[in-house]
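Each chain, letter by letter, is given below.
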Amino acid sequence: MDHFLYRNGALHAEDVALADIAATVGTPFYCYSTATLTRHYHLFTEALSPLPHMVCFAIKSLSNLAVLKTLGDLGAGMDVVSGGEYLRAKAAGVPGSRIVFSGVGKTREEMRLALGGGIRQFNVESEPEMRALSEVASSMGVIAPITVRVNPDVDARTHEKIATGKKENKFGIPIARASEVYAEAARLPGLEVIGIDVHIGSQLTELEPFEQAYLKVADLTHRLRAEGHDIRRLDLGGGLGIPYERSNSAPPLPLEYGALIKRTVGDLGCEIEIEPGRLISGNAGILVSRVIYVKEGEGRDFLILDAAMNDLVRPSMYGAHHDIVPVVEPEPAIEAQPYDVVGPVCETGDTFAKARPLPPLAEGDLVAFRSAGAYGAVMASEYNTRPLIPEVLVKGDHFAVIRARPTFDEILNRDTIPEWL
Ligand code: LLP
């Protein structure tokens, strides 16, 4: 459920008409709903209660400071994968004690930054990284709390580009080698082993792969404890999928996911951590765009929008589906017609949808891409020197621009022409 609904024939974000936002900020723009973000965060905290837990929002899915502050103020932790994301979490007021540092290639500078500013734990992904972290921590006179990310060799049954839990993927250490790696971690002077981390992929639409992975983590917990490690925290990653197509069957609910966690690892006496991104931010955001032209094609018409693949890359990158709806509610009797929905970028890959049934649309009409909150704005680029588009946050009946559209001067001034040219 989200808070983007038609009211009196006009699509609203909570109590604000999207056409009003478009008139103020121009198009295209991203728009997020505070109520949806809040609701989704609470679904997870309720699903995990009464287990001791922390829901760490995966910043990579949507990293605007206003969104992070919204979630941080509710008590959310943050999962970061770069020094930049770490600084975002801090700038949004989240204390280091609620920030988890994930990622396969943390640099020594990033480790120093997080150890200096405070960190809940590092999720370490390899032996070289473990040794580097121990060195950095020792040189600063501190101890780094760590989990080791294990690769459980489970097929997440999702898009190959976002599956991470198979043994051929670059993530984590093979679970079969865990004893050896934990033994070395325990010997390193700058580290304190506190738990286990696992993450098998994103946009999972079934619980079964999670179940396989978490059962392996439960086994490993017993084994590592028997080997003398004080395993007291389990980071179970993110990855729960969202319904992108309203007409399709829905993925499992957070409540069902929570029940699975309780069933598989709930009796180990560990604090549970999860790192959801998409389920919190995905359906909390939409992308609003205007039709520039309707162009007659062979067999069907092209809807040429002012948004393009540089603004929302998921369709061209993963073949992802996003529902597209008109901002003015169509009359129920109106017959849909198939359009190829495209952007103005100069490549054929700049196609959002082919033969998508939509009510008849005309130049100047507004449309909204649903489920665009996660991996939308954060993956945008300025390809074709198209400015990054604004982000807007709605709360009740008010809205604010939380990232402004840059001017062309700002964009051009980032380049420098050397004096010798
Ligand atoms: N934790 C780790 C270690 C991750 O790598 C990820 C996502 C998450 C948590 C959050 O997963 P989520 O709950 O959002 O599924 N750009 C792609 C998705 C990339 C996911 C990368 N890792 C897309 O647009 O579908």
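Owing to the predicted nature of the structure, the values given are computational and were not obtained by experimental measurement.

Analysis parameters
- Residues numbered from 1 in each chain as written.
- Predicted model: local features only at pLDDT ≥ 70, side-chain atom pairs only at ≥ 80, totals over all residues.
- Heavy atoms only, no water.
- Helix = DSSP H or I, 4+ residues; strand = E, 2+ residues; numbered from the N terminus.
- Expected span 1.5 Å × (residues − 1).
- Buried < 20%, exposed > 50% of the residue type's maximum accessible area, 1.4 Å probe, protein only.
- Contact = heavy atoms within 4.5 Å.
- Polar contact = N/O pair within 3.5 Å; in protein donor to acceptor, adjacent residues only side chain to side chain.
- Salt bridge = Lys/Arg side-chain N within 4 Å of Asp/Glu carboxyl O.
- UniProt positions renumbered as here; feature names shortened; annotations may be inferred.
- Pairing = 2+ DSSP bridges.
- Core = buried A, V, L, I, M, F, W, Y, C linked by side-chain atoms within 4.5 Å.
- Domains from an automatic or database assignment.
- Phe/Tyr/Trp six-rings, centres within 6.5 Å; stacked < 30°, edge-to-face > 60°.

**A short note on helix α6 (residues 127-140)**
With 14 residues, α6 extends 20 Å between its outermost C-alpha atoms, agreeing within 8% with the 20 Å of an ideal straight helix rising 1.5 Å per residue. Glu127, Glu129, Met130, Ala132, Leu133, Ser134, Val136 and Ala137 are the residues of α6 that are buried. Considering only its buried residues, α6 is in contact with α5 (108-117), β8 (121-124), β9 (144-151), α7 (178-187) and β11 (191-197). Of the residues flanking the start of α6, the one acting as N-cap is Ser126, its side-chain oxygen 3.2 Å from the backbone nitrogen of Glu129.

**Considering the pattern of salt bridges**
As enumerated under the stated definition, the model contains 25 salt bridges in all. For Glu382, the salt bridge identified is with Arg414, shortest N-O distance 3.0 Å. Highlighted residues: Glu382 in the loop between β19 (366-369) and β20 (391-395) and Arg414 in the segment after α12 (408-413), separated in sequence by 32 residues. The network of salt bridges with common partners includes Arg120, Arg233, Glu271 and Glu273.

**Focus on the UniProt feature "domain: Orn/DAP/Arg decarboxylase 2 N-terminal" (unreviewed entry) in the protein chain**
UniProt marks residues 36-281 with the feature "domain: Orn/DAP/Arg decarboxylase 2 N-terminal" (unreviewed entry), using the numbering shown here. What you have in residues 36-281 is 41% helix and 17% strand, and the ends, taken at the C-alpha atoms, are 8 Å apart.

**Observations regarding the sheet that holds strand β1 (residues 4-7)**
Pairing within the open sheet is antiparallel, and its three strands lie in the order β1-β2-β3. Of all the strands in the sheet, the pair left with one neighbour each is β1 and β3 (16-17). Of the pairings in the sheet, the one linking strand β2 (residues 10-13) to β3 comprises two bridges and is antiparallel in character. Bridge pairing in β3 links Ala13 to Val16.

**Focus on the nonpolar core**
The biggest cluster of nonpolar side chains holds 98 residues, and the ones touching the most others in it are Met78, Phe122, Tyr214, Leu234 and Ile261. For this core, the domains that each give at least three residues are domain 1 (4-31 + 282-412) and domain 2 (34-280).

**Side note on the packing of aromatic side chains**
In total, this model carries seven aromatic pairs according to the counting rule given. Geometrically, the ring pair formed by Phe44 and Tyr257 is edge-to-face, given 6.3 Å between the ring centres and 80° between the ring planes. One end of the pair, Phe44, is in helix α2 (residues 34-48); the other, Tyr257, is in helix α9 (residues 254-265), with 213 residues separating them in the sequence. What makes Tyr257 buried here is its relative accessible area of 2%. Members of the aromatic cluster, connected to one another through ring pairs, are Phe44, Phe210, Tyr214 and Tyr257.

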